[in-house]
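One-letter residues, chain by chain:
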Amino acid sequence: MSPTTTTGSYLIRGASVLGAERADILIEDGLITAVAPVLPVPTDAVVLEADGLIALPGMVDLHTHLREPGREDAETVETGSRAAALGGFTAVHAMANSMPVADTAGVVEQVLSLGERAGWVDVRPVGAVTVGLDGGQLAELGAMADSRAQVRVFSDDGKCVSDPVLMRRALEYVKAFDGVIAQHAQEPRLTEDAQMNEGEVSAVLGLAGWPAVAEESIIARDVLLARHTGSRLHVCHVSTAGSVEILRWAKDRGIQVTAEVTPHHLLLTDKLVRTYDPVYKVNPPLRTEADVQAVRRGLADGTIDIVGTDHAPHPSEHKEGEWANAAMGMTGLETALSVVQHAMIDTGLMDWAGFARVTSTTPALIGRLPSQGRPLAAGEPANVILVNPSARRRVDPSKMATKGRNSPFAGLELPGGVEAVFYAGHPTVLDGRLNSPHLAAVKES
């Protein structure tokens, strides 16, 4: 697959498009210009032999913590973007819990500029719903929407917008510019001092339990508020079987609600907490095997719309030590594709076309990114990845591009590998390694 030159023209030869028919894909000047069973090689084109590889639209993450500005010890836009590119992403949404919080036009424009400067992926800022994420006063939603960042996703992720009046006002406000409120569903009074999922394992370990109803009660309230306001609601990191049922109820009634599940909630259970290893401490917590199976089924049948990584890197001193004092969160950008393949595709619950739907097409629609998640067809932006579904690798956090080493998949052998990534027609990843960033800023029109 190794090209010997770098030009604006690339011919991907013999890839399986969405895991189906083999085809050649020609990329020129940032666009897919032709897709056919066999294409002639244009003069000066770089040829990538893709036999055995699957061509997919670049992945889009609606839920990434890049930490910058202010928390560069944990991650930067540069390091997080590199991790995203290696994971097969061409766009990520940077959550608002930076320092300062992304609750003004100035901060979201700063994050946008940092992403453009890095050039590895399209970095889209998420605006805070409330000032300082404190849940007391609405942030400058309109100003962030009208800014150069054109924010359309707003979230206090890490904290719940628990005040129903404030949540209603937020939903009503963003409706004017087609925004969406992404809710961290956690009733704070039901989770005071909670350390892990409430259930059999928490009882045995003597750790304060985090009940499923703390998530489910907020989702139930908010889907009713979304119906009342006629606005768009997105539910972050769904983790319980009951949450899936509430979402199914809401969708059956035409309520404008979408939802995401993380890779770790598709695979890991609360039994891992028996090790007391803080790498398994996350918000919401790892749940039971029954919950894992329920969210897998929900993702397969469309009740849960997308996969969002909730990539949450931490410095080692914040994650290692006693369980009670450790920070909550896991890295996920560089392992997401492999975990979803393992949990959904290799189990027969989903095919590669479905994978593209939940990792690219639908998150791009929710985030209102018109150049992302597009079909692999002539005339479309060339945000394309090549995946080797037969690859196997043992996860080694020390070799990752992210600053965070808090991967819950460390030591596991997982399937799938990202061989190449084209972001706006530029190869940011080749042969599974970083190539070079896109030097020109890529903006949404």
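For the structure given in this document, a descriptive report is provided here. Here the structure is a predicted model, which means the values were calculated and not measured. (Residues numbered from 1 in each chain as written. Predicted model: local features only at pLDDT ≥ 70, side-chain atom pairs only at ≥ 80, totals over all residues. Heavy atoms only, no water.)

1. Considerations on the overall build of the chain
Item 1. What the chain contains, in helices and strands, is 11 helices and 19 strands.
Item 2. A compact globule built from 445 residues should have a C-alpha radius of gyration of about 22 Å, and the chain, at 21 Å, falls within 12% of that.
Item 3. Principal axes of the C-alpha set define a box for the chain whose edges measure 65 × 45 × 45 Å.
Item 4. Expressed as a percentage of its 445 residues, the buried residues of the chain come to 62%.
Item 5. A sequence separation of at least 24 residues applies to 74% of the contacts in the chain between residues at least 6 apart.
Item 6. Averaging the coordinates of the 38 positive side-chain charges in the chain and doing the same for the 55 negative ones gives two points 2 Å apart. (Helix = DSSP H or I, 4+ residues; strand = E, 2+ residues; numbered from the N terminus. Rg over C-alpha atoms; globule rule 2.2 N^0.38 Å. Buried < 20%, exposed > 50% of the residue type's maximum accessible area, 1.4 Å probe, protein only. Contact = heavy atoms within 4.5 Å. Lys, Arg positive; Asp, Glu negative; His and termini not counted. Charge placed at Lys NZ, Arg CZ, Asp CG, Glu CD.)

2. Overview of the packing of helix H6 (residues 212-229) against helix H7 (residues 241-252)
Item 1. In the contact formed by H6 and H7, the axes pass within 9 Å of each other and the chain directions differ by 10 degrees. Regarding the angle of H6 to H7, the classification is roughly parallel. Considering how the two elements wind past one another, H6 and H7 form a crossing that is right-handed. Taken together, the residues of H7 that come into contact with H6 (itself represented by Glu215, Glu216, Ile219, Ala220, Val223, Leu224 and Arg227) are Gly242, Ser243, Ile246, Leu247, Trp249 and Ala250. (Axes fitted to C-alpha atoms, helices over the stretch in contact; angles between N-to-C directions. Parallel < 35°, antiparallel > 145°, perpendicular 65-115°, else oblique. Left-handed = near helix turned anticlockwise from the far one by under 90°.)

3. Thoughts on unusual backbone geometry
Item 1. Geometrically, the link from methionine 99 to proline 100 is a cis peptide bond, its omega value of 10 degrees lying close to zero.
Item 2. Within the secondary structure, proline 100 sits in the loop between strand E7 (89-94) and helix H2 (105-118).
Item 3. Looking along the chain, the bond that leaves asparagine 283 and enters proline 284 is cis, with omega of -5 degrees.
Item 4. By the secondary structure assignment, proline 284 is in the loop between strand E14 (257-261) and helix H8 (289-301).
Item 5. Residue arginine 67 is not a glycine yet carries a positive backbone phi of 70 degrees.
Item 6. Despite not being glycine, aspartate 431 has its phi angle at roughly 55 degrees, a positive value.
Item 7. The topology assignment puts aspartate 431 in the loop between strand E18 (426-430) and strand E19 (433-434).
Item 8. Looking at aspartate 431, the relative accessible area reads 21%, which means it is partly exposed.

4. Details of the side chain of aspartate 291
Item 1. Along the chain, the position of aspartate 291 falls in helix H8.
Item 2. For the buried residue aspartate 291, which engages in no salt bridge, the nearest side chain bearing the opposite charge is arginine 287, 5.4 Å off.
Item 3. Polar side-chain contacts of aspartate 291 include one of 2.8 Å to the backbone nitrogen of alanine 241.
Item 4. Not counting chain neighbours up to four residues away, the residues in contact with aspartate 291 comprise Ser239, Thr240 and Ala241. (Salt bridge = Lys/Arg side-chain N within 4 Å of Asp/Glu carboxyl O. Polar contact = N/O pair within 3.5 Å; in protein donor to acceptor, adjacent residues only side chain to side chain.)

5. Thoughts on the packing of aromatic side chains
Item 1. Considering all chains together, one arrives at four aromatic pairs under this definition.
Item 2. Ring geometry for tyrosine 10 and phenylalanine 422: centres 5.2 Å apart, planes at 65 degrees, overall edge-to-face. On the criterion of sequence distance, the pair formed by tyrosine 10 in strand E1 (residues 9-17) and phenylalanine 422 in strand E17 (residues 413-423) is long-range, its members being 412 residues apart. Taken individually, tyrosine 10 and phenylalanine 422 each receive the classification buried, so the pair is uniform in this respect.
Item 3. Here the aromatic cluster, defined as three or more aromatic residues joined through ring pairs, consists of Phe154, Tyr173 and Phe177. (Phe/Tyr/Trp six-rings, centres within 6.5 Å; stacked < 30°, edge-to-face > 60°.)

6. Remarks on the pairing of E18
Item 1. Summarising burial for E18: five of the five residues are buried, a large majority.
Item 2. Sheet topology places E17 next to E18; four bridges connect them, and they run antiparallel. Following the sheet pairing, alanine 420 is matched in E18 by leucine 430.
Item 3. Once E17 ends, the chain turns through two residues before running back antiparallel as E18, passing alanine 424 with a positive phi of about 55 degrees.
Item 4. Where E18 lies against E19, two bridges are found, and the strand directions are antiparallel. Residue pairing in the sheet places leucine 430 in a bridge with arginine 433 of E19.
Item 5. Counted between consecutive antiparallel strands, the loop separating E18 from E19 contains two residues, among which aspartate 431 sits at a positive phi close to 55 degrees. (Pairing = 2+ DSSP bridges.)

7. Quick notes on the sheet that holds strand E10 (residues 180-183)
Item 1. Pairing within the open sheet is parallel, and its five strands lie in the order E9-E10-E13-E14-E15. Edge positions in the open sheet fall to strand E9 (153-154) and strand E15 (306-307), since each of these has one partner strand only.
Item 2. Here two bridges tie E14 to E15, and the two strands are oriented parallel to one another. Among the inter-strand pairings, glutamate 260 is bridged to a residue of E15, identified as isoleucine 306.
Item 3. The sheet contacts of helix H4 (residues 164-175) involve E9, E10 and strand E13 (232-235), and relative to E10 the element is tilted by about 145 degrees.

8. A word on the sheet that holds strand E8 (residues 122-125)
Within a beta sheet, neighbouring strands are joined by backbone hydrogen bonds and run either parallel or antiparallel to one another.
Item 1. Spatially, E6-E7-E8 is the arrangement adopted by the three strands of the open sheet, whose pairing is parallel. Of all the strands in the sheet, just strand E6 (59-64) and E8 have a single pairing partner and so form its edges. Each strand of the sheet is rotated relative to its neighbour by a mean of 20 degrees, with strand direction disregarded.
Item 2. The pairing of E6 with E7 spans four bridges and is parallel. From the neighbouring strand, methionine 59 faces E7, where its bridge partner is phenylalanine 89.
Item 3. Relative to E8, H2 is tilted by about 175 degrees, and along the sheet it contacts E7 and E8.

9. Some words on the environment of glycine 106
Item 1. Within the secondary structure layout, glycine 106 lies in helix H2.
Item 2. Judged by its relative accessible area of 48%, glycine 106 falls in the partly exposed class.
Item 3. In the structure, glycine 106 is positioned 41 residues away from serine 147 in sequence and 8.3 Å away in space, judged by C-alpha atoms.

By themselves, these observations are geometric and do not establish any function.
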